[in-house]
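# Chain and residue survey
Below, each chain spelled out in residue letters.
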Amino acid sequence: MVLKEKIIQAAREHVPPIFQEQGMTETVHNWEDHGYLVTYIKKNGSFANLRIHPHGLVLVDLQSYNDDVKGREEVDQLLNKVEERMKELFHGSIKRVKRLPAILRGGVIDRYWPTADGRLVEYDIDEVVYDEDSPFQNIKILHSKQFGNILILSGDVNLAESDLAYTQAIMGSGKEDYTGKEVLILGGGDGGILYEIVKLKPKMVTMVEISFDKWPIIHINLTSNIDQMVIDGCKKHMRKTCGDVLDNLKGECYQVLIEDCIPVLKRYAKEGRMFDYVINDLTAVPISTSPEEDSTWEFLRLILDLSMKVLKQDGKYFTQGNCINLTDALTLYEEQLSRLYCPVEFSKETVCVPSYMELYP
C-alpha cells in the first residue's frame, strides 16, 4: 500500500473520533487523484477541515467563535488531541508536525498588517488610540506594547514611537552637521524628522508635503499635508516622535507649509532658492517594477528632478528605500538616478526599523 493510501486510511479510522466526541458531524469528500477532505461541523457553528493531499501533506484547520477563556481552552485541548493522534498515527513516516498560532478575525482591534514584501505580521496591538477617515485616507494610531503608538495610513505602517532609527537614518545617521543650514523636508507629516532636525540648530527648515488632488493613485506611505487630520492626530498621540513642533506650523527656525509640494518645488526652482539638504519622506520606493504601468514611479522621478534643481551643488539628498527583500524594485530605483538631468553620486545604508520588522535600505 502506498504512503498516500496508508495516510488516508489511518486518518479516516483514527482522527474522526476526536471530532465526533465534540458532537461534530462529518462530511467526506474523496477525489481519486486530488486527495481527501473531511469537514466537521458543530452545532455552535465551529468547524474543522481535515485535508490530505496526494503528496502526503496533512492539514487540519479549525475555525471557532470564542470570546471567553474557557472557549479558547477547549479549542486548545481539541488541537492538542489532534496533534498527539497525528504523531501516533504517522510516527516514522512523518517529517514534522507544525502548529501555527490562531489568527483572530473580526476583533475590535486589528493586529495584522502586511510587510512591504507581502508577509503577514501580527502586532501586539492592545488599543485603538485614533481611527478617523479623512477625505483622503484612513488614519489610524494604534498602541503596541513593544513599539508604542504606531501611525498607519490606509493600511500601511508608517512610523512608530520606537522608530528613531528610521528618522536618524534618513537624516544621515548622525554624520551631518545641520547647524546654520537650509533644509527642505518633503513629507514627514508625523513630525519626527522636523523634531530631530530642529534640535540641531539649523538656519531654517521648511516642511511641505503632497496633495492627493494631483496624484490620486499615489497611496504608498504618503502623508498628506492637506490632510490636517494626520497632523492633528500625531501632535496629540505621537508626541514621543514629534515633540511639540506640530503644535504650531511656524517656529523660530522652521515652517510647515500646508501646500502641494510639486508647485512649491517648481516655485523654489524658478526663484533660485537653494537648500543644503533635501529630505524626501513622501513615499517608499514603489513595489512595482513596471514604471510604465505604475504612476508612483512617474511621481518619484518628478520629485527627484525637482529636488535636484533646488539642491546646492555640494548639497545632499536623503530618501527612504523599501524592504531589503524587494531587490528588483531597489535596483530599478538606482537606475532612475542615472537618468536625472544632472549626474549624481549616491550611497546607501541599511537599518532595522523596529515596527517594520524588516531591514530597510
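The numbering scheme is per chain: residues are counted from 1 as the chain's sequence reads. Whole-chain, interface and lining totals are the exception, using all residues; otherwise, since this is a predicted model, local features are given only for residues with pLDDT of at least 70 and side-chain atom pairs are given and counted only at 80 or more. Values shown for side chains rest on all heavy atoms present in the structure; no hydrogens or waters enter the calculation.

## Structural notes on the overall build of the chain
Check the secondary structure of the chain and you find 10 helices and 18 strands. Any two residues whose heavy atoms approach within 4.5 Å at even a single point are treated as in contact. Looking at the chain alone, contacts between residues at least 24 apart form 57% of all its contacts between residues at least 6 apart. Just so you have it, the chain exposes about 19,300 Å², and 50% of that area is on carbon and sulfur atoms. Secondary structure follows DSSP: runs of H or I at least 4 residues long count as helices, runs of E at least 2 residues long count as strands, and numbering of each begins at the N terminus. For accessible areas, the Shrake-Rupley method is used with a probe of radius 1.4 Å. Any residue's cover is judged against the shown protein chains and nothing else.

## Quick look at the environment of methionine 171
Looking at where methionine 171 falls in the secondary structure, it is placed in the loop between α4 (164-170) and β11 (182-187). Throughout, exposure labels follow a simple rule: accessible area from a 1.4 Å probe, protein chains only, divided by the maximum for the residue type, with under 20% read as buried, over 50% as exposed, and the rest as partly exposed. Exposure remark for methionine 171: the relative accessible area of 8% places this residue in the buried category. When the C-alpha atoms of methionine 171 and isoleucine 279 are compared, they prove to be 7.2 Å apart, with 108 residues separating the residues in sequence. Not counting the four nearest positions on each side in its chain, methionine 171 is found in contact with Glu176, Tyr178, Ile193, Glu196, Ile197, Leu200, Ile279 and Phe318.

## Quick look at the pattern of salt bridges
Just to be clear on terms, a salt bridge is a Lys or Arg side-chain nitrogen sitting within 4 Å of an Asp or Glu carboxyl oxygen. What the rule picks out here adds up to 14 salt bridges. A salt bridge links arginine 99 to glutamate 83; its shortest N-O distance comes to 3.5 Å. In this pair, arginine 99 sits in the loop between α3 (69-89) and β5 (112-114) while glutamate 83 sits in helix α3, placing the two residues 16 residues apart along the sequence. When the shortest N-O distance is used, the salt bridge between lysine 140 and aspartate 131 registers 3.8 Å. Using a relative accessible area of 37% as the deciding quantity, one classes aspartate 131 as partly exposed. Sharing partners across several salt bridges, the network here consists of Asp76, Glu83 and Arg99.

## What about the pairing of strand β4 (residues 58-63)?
Examined bridge by bridge, strand β3 (residues 47-52) and β4 share six bridges and lie antiparallel to one another. Bridge assignment links arginine 51 to a residue of β4, and that residue is leucine 59. Count of turn residues in the β3/β4 antiparallel hairpin: five residues, of which glycine 56 carries a positive phi of about 105°. Note on pairing: two strands pair once DSSP finds at least 2 bridges between them.

## Some details on the nonpolar core
In summary, soluble globular proteins display a tendency toward joint burial of nonpolar side chains. Residues grouped as a nonpolar core are buried Ala, Val, Leu, Ile, Met, Phe, Trp, Tyr and Cys residues, joined through side-chain atoms within 4.5 Å. One finds Leu194, Ile197 and Ile279 to be the most contacted residues of the largest nonpolar core, which totals 45 residues. What isoleucine 279 contacts, discounting residues up to four positions off in sequence, is Ile170, Met171, Tyr178, Val183, Leu184, Ile185, Leu186, Ile193, Ile197 and Phe318.

## Quick word on unusual backbone geometry
Phi at serine 154 is positive, roughly 50°, even though this residue is not glycine. Mapped onto the elements, serine 154 comes out in the loop between β9 (148-153) and β10 (156-160). Its relative accessible area of 44% is what places serine 154 among the partly exposed residues. Unlike most non-glycine residues, lysine 201 shows phi in positive territory, near 60°. Among the secondary structure elements, lysine 201 is positioned in the loop between α5 (192-198) and β12 (204-209). Exposure remark for lysine 201: the relative accessible area of 60% places this residue in the exposed category.

## Some words on the sheet that holds strand β7 (residues 125-133)
Strand order in this open sheet of four strands is β7-β8-β9-β10, and the pairing throughout is antiparallel. With partners counted over all chains shown, the strands left at the sheet margins are β7 and β10, one partner each. With strand direction ignored, the average angle separating the axes of adjacent strands in the sheet is 25°. Across four bridges, β9 lies against β10 in antiparallel orientation. Residue pairing in the sheet places leucine 153 in a bridge with aspartate 156 of β10. With axes taken as lines fitted to C-alpha atoms, and helix axes fitted only over the stretch in contact, angles between N-to-C directions fall between 0 and 180 degrees. In the packing of helix α6 (residues 228-237) onto the sheet, the strands contacted are β7, β8 (138-144) and β9, and the crossing angle to β7 comes to about 150°.

## Overview of the packing of aromatic side chains
Two rings from Phe, Tyr or Trp (for Trp, the six-membered ring) form a pair when their centres sit within 6.5 Å of each other. Planes less than 30 degrees apart are called stacked, planes more than 60 degrees apart edge-to-face, and all others tilted. Applying the stated criterion across every chain, the model contains seven aromatic pairs. Here tyrosine 123 and phenylalanine 147 contribute two aromatic rings whose centre-to-centre distance is 6.2 Å and whose plane-to-plane angle is 75°, an arrangement assigned as edge-to-face. Of this pair, tyrosine 123 sits in the loop between β6 (120-122) and β7 while phenylalanine 147 sits in the loop between β8 and β9; the two residues are 24 residues apart in sequence, bridging distant segments of the chain. Ring centres 6.2 Å apart and planes at 10° place the aromatic pair tyrosine 277 and phenylalanine 318 in the stacked group. Placement of tyrosine 277 in strand β15 (residues 275-281) and of phenylalanine 318 in strand β16 (residues 311-319) is noted, with a sequence separation of 41 residues between them. Taken together, Tyr166, Tyr356 and Tyr360 form an aromatic cluster joined through their ring pairs. A cation over an aromatic ring shows up here: arginine 273 above the ring of tyrosine 268, its NZ or CZ 4.7 Å from the ring centre. Here, over-ring charges are defined by two tests on the NZ atom of lysine or the CZ atom of arginine: distance to the ring centre within 6 Å, and angle to the ring normal within 35 degrees. Of note, lysine 309 hangs over the ring of tyrosine 341, and the distance from its end group to the ring centre comes to 5.7 Å.

## Regarding helix α8 (residues 261-271)
Every buried residue of α8 is accounted for by Cys261, Ile262, Val264, Leu265 and Tyr268. End-on, the buried residues of α8 take up no more than an arc of 165°, which puts them together on one face. Exposed residues lying more than 90 degrees from the buried face of α8 are Lys270 and Glu271. Directions pointing from the helix axis toward each C-beta atom define the arc.

## Regarding the environment of glycine 188
Following the sequence through the fold, glycine 188 ends up in the loop between β11 and α5. Separated by 54 residues in sequence, glycine 188 and cysteine 242 have C-alpha atoms that sit 10.0 Å apart.

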